Amino acid sequence: MSSMEKRRNVLLITSDQQHWHTLGCLNPEVKTPNLDRLAASGMMYSRAYCPNPTCTPTRASMITGTYPSQHGAYSLGTKLDEGVHTVGEDFQQAGYRTALVGKAHFQQVQPNADYPSLESYPTMQDLDFWRKFDQPFYGFDHVELARNHTDEAHIGQHYALWMEEKGFDWRKHFRHAVPNENGVWLATSEGQKHTWSIPEEYHYDAWIAERTNALMQQYKDNDENFFLWASFFDPHPSYLVPEPWDKMYDPGKVTVPQLIPGEHDRNPAHFRLTQEEKPDFSQWQEKHGNGMHGCHSHRHDRKKLAKDIAVYYGMISLMDKYIGRILDKLEELGLAENTLVVFTTDHGHFYGQHGLTAKGPFHYEDMVKVPFLVRHPDNPASGKQSPAMQSLVDLAPSFLSFCGIEPPIFMTGRDQNPVWRGECEQARDHVIVENRHQPTTFHLKTYVDSRYKITVYFGREYGEIFDLENDPGEIKNLWDDPASQLLKAELTWKLLQAELGKEVLSMPRVACA
């Protein structure tokens, strides 16, 4: 590796469950000056997608370069096997330092004897364990972790240690949990609403920025190149943020998306059930399914939702402040010219769109499309938007390619580095989004190309087809439309071809026999 290549670094910054339209440069209702300046100095990709609209599967794809159906952590409540190859191992072999600060969520939160997890109770709250922890973790030689969103009882690990080191009495700002008779840990109290009692200086955004900057300073001082992931927790619900960010936005002035009457009439039954007061989703519940995210009533009070949206925006703006501190530190250290910076999130979010809230097995663009900003040192273009399709499964091979490291043959993501450099228009003409939240009944895949989207369900005759060009709001499902049956056949064939194209190769063919 040449000295020029040795100086190349990768800084990945992520949020959690952020709608693609919640950047100030796209939406004047939300203020994100630091992400806006990153967009102004780089490229915004308007067609970026997650490989799965839930945390664990997509986060595992980001570090393996493979799809959830390939790496095995296919749903929430699963874990990524510790033996799976990750991008951090490739960077380590090339002499890089690798670190993750913030949310990992590669493992489940509840303890299980057959599938032990460092991110589960009671280990996550054993602060003596984490005080001494110095093991590699999924290819990261250094991790500083937390598991809680807002005031969740999952508080612990390095975030709690950081607050203790600062002499802060943190416990009264978080819920508590105890195991029930089945060994499942449950919170013993209700969470706070909208205004989090924790002072901003002890918020996990401040912790992530401080520790990320300390690591960059260390790498600079030691002349070490790095792959560093700053992994923020917000704006994932619950809608909770400290003062003054809780009142930064006026609920009376935010746009509240709404259900269009009749839009679910052509959709599968589980869409329609979300609009009932007491829906019955039992036909989809399976043994070993362990709950179904999003399969409940999504009916809501518009005024209350407006307040939730205002706080959601406040969570984003607070996070943006601390992302700005990281970007400032990168500049201060003189590393920006040799560092690839990518900002994205793990999946999208509903806040009223299609009558839905939070997430679930509903593959609208609101759920599967993500914000995606790239500042590439080799691309002089800045402040532009590109429609080149991106998938978060592409991150690992693209990061390696940027640093002059050959991606392993078994990574099924595409190398986007030529696109990010401005050398070609696109590296892919489609994306695939997987979702297997129940063993069989909620097992679906979505194929998206430049114009159309098709979603198919395992063992089911229903599905969805949307024309994103003529119906960008995804209101008219064409699945059963008589005039669209040839289109359905064509898109089904394209999905099959795409599935064949992403099969894993464990090694190259080295001989004829």
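Residues numbered from 1 in each chain as written. Predicted model: local features only at pLDDT ≥ 70, side-chain atom pairs only at ≥ 80, totals over all residues. Heavy atoms only, no water.

> Just checking my understanding: could you explain the overall build of the protein for this structure?
Across its full length, the protein holds 14 helices and 20 strands. C-alpha atoms of the protein, sized along the principal axes, occupy 65 × 65 × 50 Å. Looking at the 513 residues of the protein, the share that counts as buried comes to 58%. Across the protein, 51 positive and 69 negative side-chain charges occur, with their mean positions spaced 2 Å apart. (Helix = DSSP H or I, 4+ residues; strand = E, 2+ residues; numbered from the N terminus. Buried < 20%, exposed > 50% of the residue type's maximum accessible area, 1.4 Å probe, protein only. Lys, Arg positive; Asp, Glu negative; His and termini not counted. Charge placed at Lys NZ, Arg CZ, Asp CG, Glu CD.)

> Hey, could you run me through the packing of helix H8 (residues 204–221) against helix H10 (residues 302–332) in this one?
Two packed helices can be described by the angle between their axes and the distance between those axes. Where H8 meets H10, the axes come as close as 9 Å, and the angle between the chain directions of the two elements is 10°. It follows from the interaxial angle that H8 and H10 lie roughly parallel. Residues Asp 205, Ala 206, Ala 209, Thr 212, Asn 213, Met 216 and Gln 217 of H8 form the contact with H10, whose own contacting residues are Leu 318, Met 319, Tyr 322, Arg 325, Ile 326, Lys 329 and Leu 330. Of the residues contributing to the contact of H8 with H10, the split by class is eight nonpolar, three polar and three charged. (Axes fitted to C-alpha atoms, helices over the stretch in contact; angles between N-to-C directions. Parallel < 35°, antiparallel > 145°, perpendicular 65-115°, else oblique. Contact = heavy atoms within 4.5 Å. Nonpolar A, V, L, I, M, F, W, Y, C, P; charged D, E, K, R; others polar.)

> Explanation requested: the sheet that holds strand S20 (residues 463–467) in the structure shown.
Consider a sheet: its strands pair through backbone hydrogen bonds, and that pairing is either parallel or antiparallel. Spatially, four strands are ordered S17-S18-S19-S20 in an open sheet, and the strand pairing comes out antiparallel. Sheet topology places strand S17 (430–436) and S20 at the edges, where each strand pairs with a single neighbour. Each neighbouring strand pair of the sheet contributes to a mean axis angle of 10°, computed without reference to strand direction. Across seven bridges, S17 lies against strand S18 (residues 443–449) in antiparallel orientation. Across the sheet, the residue bridging to His 430 is Asp 449, located in S18. Set on the sheet, helix H14 (residues 485–501) makes contact with S17, S18, strand S19 (452–457) and S20; between it and S18 the angle comes to about 100°. (Pairing = 2+ DSSP bridges.)

> In this structure, what is going on with H10? I would like to understand it.
Given 3.6 residues per helical turn, the α-helix brings residues three or four places apart onto the same face. Look at H10: 45 Å from first C-alpha to last across 31 residues, which is about the 45 Å you get at 1.5 Å a residue. Of all 31 residues making up H10, 22 are buried, and the element is well covered by its neighbours. Where H10 starts, the residue carrying a side-chain oxygen 3.1 Å from the main-chain nitrogen of Lys 303 turns out to be Asp 301. Count one or two residues on from H10 and you reach Gly 334, which has phi positive near 70°. (Expected span 1.5 Å × (residues − 1). Polar contact = N/O pair within 3.5 Å; in protein donor to acceptor, adjacent residues only side chain to side chain.)

> What should I look at first to understand the environment of Met 292 in this one?
Summarising the element assignment, Met 292 is placed in the loop between helix H9 (269–273) and H10. Classification of Met 292 as buried rests on a relative accessible area of 15%. Put simply, Met 292 and Glu 332 are 40 residues apart on the chain and 46 Å apart in space, counted from C-alpha to C-alpha. For Met 292, the residues in contact, after removing those within four places along its chain, are Phe 281, Trp 284, Gln 285, His 437, Gln 438 and Phe 442.

> I would appreciate a short explanation of helix H12 (residues 395–402) in the present structure.
With seven of eight residues buried, H12 is to be regarded as a mostly interior element. Buried residues of H12: Leu 395, Ala 396, Pro 397, Ser 398, Phe 399, Leu 400 and Phe 402, and no others. Taken from the residues just after H12, Gly 404 is the one with a positive phi, measuring 75°.

> What is the right way to read the pattern of salt bridges from this model?
Think of it this way: side chains of opposite charge can pair up when their charged atoms draw near. Considering all chains together, one arrives at 30 salt bridges under this definition. With a closest N to O distance of 3.9 Å, Arg 375 and Glu 331 form a salt bridge. Residue Arg 375 is located in strand S14 (residues 372–375), and its partner Glu 331 is located in helix H10; the two are separated by 44 residues in the primary sequence. For Glu 331, a relative accessible area of 44% puts it in the partly exposed group. Here the salt bridges share partners, and the residues they tie into one network are Asp 16, Arg 59, Lys 103 and Asp 346. (Salt bridge = Lys/Arg side-chain N within 4 Å of Asp/Glu carboxyl O.)

> Got a minute to help me understand unusual backbone geometry in this structure?
The general pattern is negative phi for most residues beyond glycine and trans for most peptide bonds. In this structure, the amide linkage connecting Pro 237 to the following residue, Ser 238, adopts the cis form with an omega of 20°. Of the consecutive residues Glu 243 and Pro 244, the connecting peptide bond is found in the cis state with omega at 0°. Position of Pro 244 among the secondary structure elements: in the loop between strand S10 (240–242) and H9. A positive phi angle, near 60°, is found at Gln 17, a position not held by glycine.

> Sorry, what's going on with the confidence of the model for the protein here?
The predicted coordinates should not be examined in detail at positions where pLDDT is low. For the protein, mean pLDDT is 96; residues scoring 70 or higher make up 99% of the total. Contacts of residues 1–5 to residues separated by more than four positions or lying in other chains number eight contacts, the stretch itself having pLDDT below 50. (pLDDT = per-residue confidence, 0-100.)

> Mind showing me how you'd approach the environment of Ala 396 here?
Checked against the element boundaries, Ala 396 lands in helix H12. It is 24 Å that separates the C-alpha atoms of Ala 396 and Lys 329, two residues lying 67 residues apart in sequence. Other than its neighbours up to four places away in sequence, Ala 396 contacts Met 62, Ile 63, Thr 64, Gly 65, Val 87 and Met 411.

> Is there a simple way to explain the side chain of Asp 16 in this structure?
Residue placement: Asp 16 occurs in the loop between strand S1 (9–15) and helix H2 (33–40). A polar contact of 2.5 Å, which involves the side chain of Asp 16, links it to the side chain of Lys 103. Not counting residues up to four positions away in its chain, the partners in contact with Asp 16 are Cys 55, Arg 59, Lys 103, His 149, Phe 232, Phe 233, Asp 234, Pro 235, His 236, Thr 345, Asp 346 and His 347.

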